[in-house]
Structures are given as C-alpha cells and as structure tokens.
Amino acid sequence: GDSVTQMEGPVTLSEEAFLTINCTYTATGYPSLFWYVQYPGEGLQLLLKATKADDKGSNKGFEATYRKETTSFHLEKGSVQVSDSAVYFCALGGNTNAGKSTFGDGTTLTVKP
Amino acid sequence: NAGVTQTPKFRVLKTGQSMTLLCAQDMNHEYMYWYRQDPGMGLRLIHYSVGEGTTAKGEVPDGYNVSRLKKQNFLLGLESAAPSQTSVYFCASSDLDIGLDEQYFGPGTRLTVT
C-alpha cells in the first residue's frame with residue numbers, strides 16, 4: 001500500500017539556518033503531495049502542495065518539489081524563524097487511494113533565537 | 001466560512017462512560033475523517049466517510065462508531081470509554097478532485113479517560 005517516510009526528528013536549528021526535512025513515498029498511482037504544519041495546540045493546516053511531477057509548491061518561504069524519479073518531496077526553507085517551530089507532516093493525497101490520505105509520522109522542528 | 005469545527009474542545013470521562021464528538025464543516029465537502037493523534041504515533045485514521053449516509057473503517061476503528069446523517073456533520077461515538085482512548089481527536093474534510101484533495105482539519109478535541 002501507499003506509505004510516507006519522513007526524516008526523523010526532532011530537529012533543532014538556530015534562527016536563519018537552512019532547513020531540509022526529507023520525505024519519500026511509495027504510491028500505486030500519482031497522488032498529489034502535501035506538506036502540513038501543526039502549531040502547538042492546533043490542528044494541521046496545509047503548508048504547500050504539488051499535484052504532478054516536477055511541480056514546485058511554495059508558501060511562506062517554504063518550498064518542495066514533486067520528484068517522481070526519486071519519489072521524494074523534501075521540504076526546504078532558506079532561513080528559518082522562531083515562529084516556524086512546529087510539527088511538519090508530509091502526506092499523499094487521497095485522490096488515488098479511495099479518499100484516504102497517507103501521512104508521515106511528523107517531524108518536530110524547534111528554532112532557537 | 002468557519003471551516004471545520006469540533007465540539008467539545010476538552011472532555012474528561014471515567015472508564016465505561018460514553019460520549020459523542022461532533023464535527024461540522026461548511027465547505028460542502030464529500031469526504032470526512034476522524035483521526036486520533038498520540039505522542040510519537042503521528043495521525044491514525046479511525047473512520048471516514050465518502051458521502052452522506054456512508055461510513056467506512058480506517059486503521060484503528062475498534063471501540064468507536066460513527067454516523068454521517070447530514071453531509072456537513074460527522075459524529076464519532078465512544079460507547080464505553082477506556083483509558084487507551086485518551087488522545088487528541090481531529091476531524092478533517094476534503095474534496096477529491098485531483099489537486100483539491102488537501103484535508104482541512106478542525107482544532108481538535110482533547111479527551112482524557114480516567
């Protein structure tokens with residue numbers, strides 16, 4: 001079945017450092033790919049998405065590119081801020097799996113001033 | 001638009017008690033989901049619905065029941081609560097067109113069973 005493997009955390013960075021959170025997937029079809037972010041005490045919210053191979057999703061300085069050849073969707077940001085501290089989830093869309101999304105286990109990011 | 005709302009936000013139950021969690025969405029989405037989130041275990045799908053009047057089991061359905069009598073509402077029931085059901089519960093909804101199948105999450109319900 002479909003699966004998502006995320007880089008294990010927690011990740012601790014200093015402010016203005018470069019961030020990469022790795023995400024690889026296995027899927028039977030060609031699902032949309034998503035990154036969600038969860039701030040403390042809140043539900044998940046969409047950070048960015050890509051719907052087909054070579055698409056780049058971007059939002060709030062974060063970027064990820066849908067790489068079909070390496071089945072990856074790594075999240076990057078050039079300069080993190082303290083306010084980026086959160087849990088990040090990589091996910092496959094449900095369009096190719098009877099409506100069920102597949103989520104990674106989440107990576108906790110802490111950014112220190 | 002309120003998006004996805006959940007009630008209650010917090011609840012404490014004694015073992016064996018029952019309760020119902022309510023999820024409502026105002027985006028006319030066909031698909032709705034219930035997840036539980038436990039420390040170190042990510043999100044686990046409990047039940048989901050592909051439309052009004054339908055429900056299906058997810059990854060961890062035991063001990064829970066659901067109903068989707070109206071398109072905008074998805075109810076999660078615990079008939080006899082157990083300490084193992086202490087968790088944070090999230091409801092979500094989505095459309096299913098390619099490129100539009102992101103999930104919209106509610107703020108969560110924190111449930112403690114003593």
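See above for the structure.
Residues numbered from 1 in each chain as written. Chains lettered and ligands numbered in written order. Predicted model: local features only at pLDDT ≥ 70, side-chain atom pairs only at ≥ 80, totals over all residues. Heavy atoms only, no water.

**Q** Can you lay out the sheet that holds strand β7 (residues 65-67) of chain B for me, pointing to particular residues and giving the numbers?
**A** Residue and element names in this part refer to chain B. Overall, antiparallel pairing links the 4 strands, which are arranged β1-β3-β8-β7 in an open sheet. Of all the strands in the sheet, just β1 (4-7) and β7 have a single pairing partner and so form its edges. Strand-to-strand twist in this sheet, taken as the mean axis angle between neighbours without regard to direction, amounts to 20°. (Pairing = 2+ DSSP bridges. Helix = DSSP H or I, 4+ residues; strand = E, 2+ residues; numbered from the N terminus. Axes fitted to C-alpha atoms, helices over the stretch in contact; angles between N-to-C directions.)

**Q** So what's going on with the pattern of salt bridges? Which residues, and what values?
**A** Residue and element names in this part refer to chain B. With the rule as written, the count across this model stands at 7 salt bridges over all chains. Of the charged contacts in the structure, one is a salt bridge between E30 and K71, with a shortest N-O distance of 3.0 Å. Here E30 is found in the loop between β3 (19-25) and β4 (31-37), whereas its partner K71 is found in the loop between β7 and β8 (73-78), with 41 residues between them in sequence. Using a relative accessible area of 33% as the deciding quantity, one classes E30 as partly exposed. On the accessibility criterion, K71 (18% relative accessible area) is buried. Here D38 ties to R44 by a salt bridge, and the two come within 2.8 Å at their closest N and O atoms. Side by side, D38 and R44 carry an identical accessibility label, which is buried. Each of the salt bridges in this network shares a partner with another, and the network as a whole consists of R36, D38 and R44. (Salt bridge = Lys/Arg side-chain N within 4 Å of Asp/Glu carboxyl O. Buried < 20%, exposed > 50% of the residue type's maximum accessible area, 1.4 Å probe, protein only.)

**Q** Help me get a handle on the state of the cysteines, residues and values and all.
**A** Scanning all chains against the criterion turns up 2 disulfides over all chains. The residue that forms a disulfide with C23(A) is C90(A), at a sulfur-sulfur distance of 2.0 Å. One disulfide, between C23(A) and C90(A), carries an S-S torsion of -70° and so falls in the left-handed class. With C23(A) in strand β4 (residues 23-26) and C90(A) in strand β10 (residues 86-92), the pair connects residues that are 67 residues apart, well separated along the chain. Accessibility assignment for this pair places C23(A) and C90(A) in one class, buried. Disulfide partner of C23(B): C91(B), at an S-S distance of 1.9 Å. On the sign convention where negative means left-handed, the S-S torsion of about -75° between C23(B) and C91(B) marks this disulfide as left-handed. Residue C23(B) is found in strand β3, and its partner C91(B) is found in strand β9 (residues 87-94); the two are separated by 68 residues along the sequence. Accessibility expressed as a relative area gives 0% for C23(B), which makes it buried. With relative accessibility at 0%, the residue C91(B) sits in the buried group. (Disulfide = S-S within 2.5 Å.)

**Q** Tell me about the sheet that holds strand β3 (residues 19-21) of chain A, and please be specific about residues and values.
**A** All names here are of chain A. Taken in spatial order, the 4 strands of this open sheet run β3-β9-β8-β7, and their pairing is antiparallel. The open sheet terminates on both sides in strands that have one partner only, identified here as β3 and β7 (56-59). Strand-to-strand, the axes of this sheet are offset by a mean angle of 15°, without reference to chain direction. Here β7 runs beside strand β8 (residues 62-65); their pairing, made up of 4 bridges, is antiparallel. Bridge pairing in β8 links K56 to T65.

**Q** An account of the nonpolar core is needed here, citing residue identities and associated values.
**A** Residues W35(A), L47(A), L48(A), F73(A), L75(A) and Y88(A) are the most contacted members of the largest nonpolar core, which totals 25 residues. Those elements that provide at least two residues to this core are β2 (11-14), β3, β4, β5 (33-38), β6 (45-50), β8, β10 and β12 (107-112) of chain A. Apart from residues lying up to four places away in sequence, F73(A) is in contact with C23(A), L33(A), F34(A), W35(A), L48(A), K49(A), A50(A), A64(A), T65(A), Y66(A) and C90(A). L21(B), I46(B), A81(B) and L111(B) belong to the second-largest nonpolar core, a separate cluster that totals 18 residues. (Core = buried A, V, L, I, M, F, W, Y, C linked by side-chain atoms within 4.5 Å. Contact = heavy atoms within 4.5 Å.)

**Q** Explain unusual backbone geometry to me, and be specific about the residues and the numbers.
**A** The residue after G9(A), namely P10(A), is reached through a cis peptide bond having omega -5°. Relative to the elements of secondary structure, P10(A) occurs in the loop between β1 (3-6) and β2.

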